[in-house]
Amino acid sequence: MKTVQLPTAISVVALVLSLVSVGVQVRRDSQSPTTAVIGAVGADTAAAVDSQSKPNPSEVDGTVLAPADLEAKLMATSAQLTDKVARLEQGLDGLTRLMRASGLDSAAALWGGGPGTPGPLLEQLGKEAASRAQFQARREELTRRAAESRDKDYARYDPERYSELEELYKTARPGRGADTEEGKTKRTDALNKMLEQYPEAYATGVAVAEQALSEALDGNTGQVETYLQTLRESAQYGDIVTDQGVEALPNIQAFLARQYIEQNRIDEAGALLQDLSANHSDSLIMEPTTGGPPKPPRTVQQVVDELRQQLITTN
């Protein structure tokens, strides 16, 4: 079976719909060329065309035309519309061949059966678009709240200490790409210094959370557990949101729950899922992917329901 790339499919279908819409209008106009011209020249000209008893000349766009000239204009307009219809049909034939070659014709039932019947694929696309818009608004709100919390650090410390905090934060944040042992050591030292000298700072909580999420991406369960314990021990770290708008605690716990299920640590997984459902049911889970497009965010409750089903299957 041929595989259709979704963006290409959407583009082709959108173009088909546009051309069909134009084609219907052009056909309608071509069937009534007199109406098209009458609409352009106004009510006075319409009266002149329809009337068989008045030999008076007509006025079109400010120019006086005899009946013979008006008839010639109508014939020319009709010819133009006929030519447009022919070119449109030729384009539609080409699109039809393209759809058959790509396999889109066999997917017609998925796209829909006509006006008012969008089909399951378009319905799913609509739902995903609505979900993405909703989640994007939520992430923007979380990012705003995180920025406000970071501003409290500025008000808490004098300029010199705040400057040191910011430098430590930049060093403690995980880097992208390949990491060296020297880089890891510098990052760990900076993070430990933040925990010792600035334990109440929001930036310290964000640094811990980002390091935990980085370790989660690398599959380092033990390190993630250590950072999660640090976040849990400090009340001010309970609502940490990273600079990317990721809610720290629920995302870290969701990762660990998946790991525990894979490792058959059923009781620990169940405890995490219970905590997630009780305290973070409306939070967003950003699930990373290796290659391919990113997955849309999901609520904690959606993830919890999925993982609980996996627990049932495992048992």
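Residues numbered from 1 in each chain as written. Predicted model: local features only at pLDDT ≥ 70, side-chain atom pairs only at ≥ 80, totals over all residues. Heavy atoms only, no water.

Enquirer: With reference to specific residues and values, describe the pattern of salt bridges.
Expert: Under the criterion given, the structure shown has 16 salt bridges. A salt bridge links R258 to E306; the nearest nitrogen and oxygen atoms lie 3.2 Å apart. Residue R258 is located in helix α11 (residues 248-262), and its partner E306 is located in helix α13 (residues 300-314); the two are separated by 48 residues in the primary sequence. Judged by relative accessible area, which is 27%, E306 ranks as partly exposed. The network of salt bridges with common partners includes R150, E166, R173, E210 and D243. (Salt bridge = Lys/Arg side-chain N within 4 Å of Asp/Glu carboxyl O. Helix = DSSP H or I, 4+ residues; strand = E, 2+ residues; numbered from the N terminus. Buried < 20%, exposed > 50% of the residue type's maximum accessible area, 1.4 Å probe, protein only.)

Enquirer: Give me the packing of helix α9 (residues 202-217) against α11: which residues, what numbers.
Expert: In the contact formed by α9 and α11, the axes pass within 10 Å of each other and the chain directions differ by 25 degrees. With respect to each other, α9 and α11 are oriented roughly parallel. For the pair α9 and α11, the sense of crossing is left-handed. Residues A209, A212, L213 and A216 of α9 lie in contact with α11, whose contacting residues are A248, N251, I252 and F255. Partitioning the contact of α9 with α11 into residue classes produces seven nonpolar, one polar and no charged. (Axes fitted to C-alpha atoms, helices over the stretch in contact; angles between N-to-C directions. Parallel < 35°, antiparallel > 145°, perpendicular 65-115°, else oblique. Left-handed = near helix turned anticlockwise from the far one by under 90°. Contact = heavy atoms within 4.5 Å. Nonpolar A, V, L, I, M, F, W, Y, C, P; charged D, E, K, R; others polar.)

Enquirer: Quick one: what's the story with the environment of Q253, residue by residue and with numbers?
Expert: On the secondary structure map, Q253 appears in helix α11. For Q253, a relative accessible area of 1% puts it in the buried group. Along the chain, Q253 and I285 lie 32 residues apart, while their C-alpha atoms are 9.9 Å from each other. Ignoring sequence-local partners within four residues, the contact set of Q253 consists of L228, R232, L272, D275, L276 and H280.

Enquirer: Before we move on, could you go through unusual backbone geometry and cite the residues and values that matter?
Expert: The phi torsion at N264 lies on the positive side, around 60 degrees, for a residue other than glycine. Assignment of secondary structure puts N264 in the loop between α11 and α12 (266-279). Residue classification places N264 among the exposed residues on the basis of a relative accessible area of 52%.

Enquirer: Summarise the packing of aromatic side chains; cite the residues concerned and give the values.
Expert: Going through the model one piece at a time under the given rule, you end up with two aromatic pairs. Measuring from centroid to centroid gives 5.1 Å for Y154 and Y162, while their planes differ by 90 degrees, and the two rings are edge-to-face. Given the relative accessible area of 57%, Y154 is considered exposed. With a centroid separation of 5.3 Å and 85 degrees between ring planes, the pair formed by Y157 and Y198 is classed as edge-to-face. Here Y157 is found in the loop between α6 (119-156) and α7 (159-172), whereas its partner Y198 is found in the loop between α8 (181-197) and α9, with 41 residues between them in sequence. (Phe/Tyr/Trp six-rings, centres within 6.5 Å; stacked < 30°, edge-to-face > 60°.)

Enquirer: Requested: an account of the packing of α9 against helix α10 (residues 221-233), with residues and values cited.
Expert: Two packed helices can be described by the angle between their axes and the distance between those axes. Axis separation between α9 and α10 bottoms out at 8 Å; the angle between their running directions is 155 degrees. In terms of their interaxial angle, α9 and α10 are classed as roughly antiparallel. Judged by the sense of rotation from one axis to the other, the crossing of α9 with α10 is left-handed. In contact with G205, V208, A209, Q211, A212, E215 and A216 of α9, α10 contributes Q223, V224, Y227, T230 and L231.

Enquirer: Go over α8, please, and point to the residues and values.
Expert: Between the first and last C-alpha of α8 there are 24 Å, a value that for 17 residues agrees with the 24 Å anticipated at 1.5 Å per step. Along α8, the residues that are buried comprise R187, A190, L191 and M194. Projection of α8 onto a plane perpendicular to its axis shows the buried side chains occupying an angular sector of 95 degrees, all on one side. Seen from the buried face of α8, the exposed residues on the opposite side, beyond 90 degrees, are E181, E182 and E196. Residues of α8 that are buried make contact with α7, α9 and α10. (Expected span 1.5 Å × (residues − 1). Arc of directions from axis to C-beta.)

Enquirer: Break down the environment of L256 for me, with residues and values.
Expert: Structurally, L256 is set in helix α11. A residue is classified by how much of its surface remains accessible, and L256, at 1% relative accessible area, is buried. In the structure, L256 is positioned 31 residues away from E225 in sequence and 7.8 Å away in space, judged by C-alpha atoms. With near-sequence residues (within four places) excluded, L256 lies in contact with T221, V224, E225, L228 and L272.

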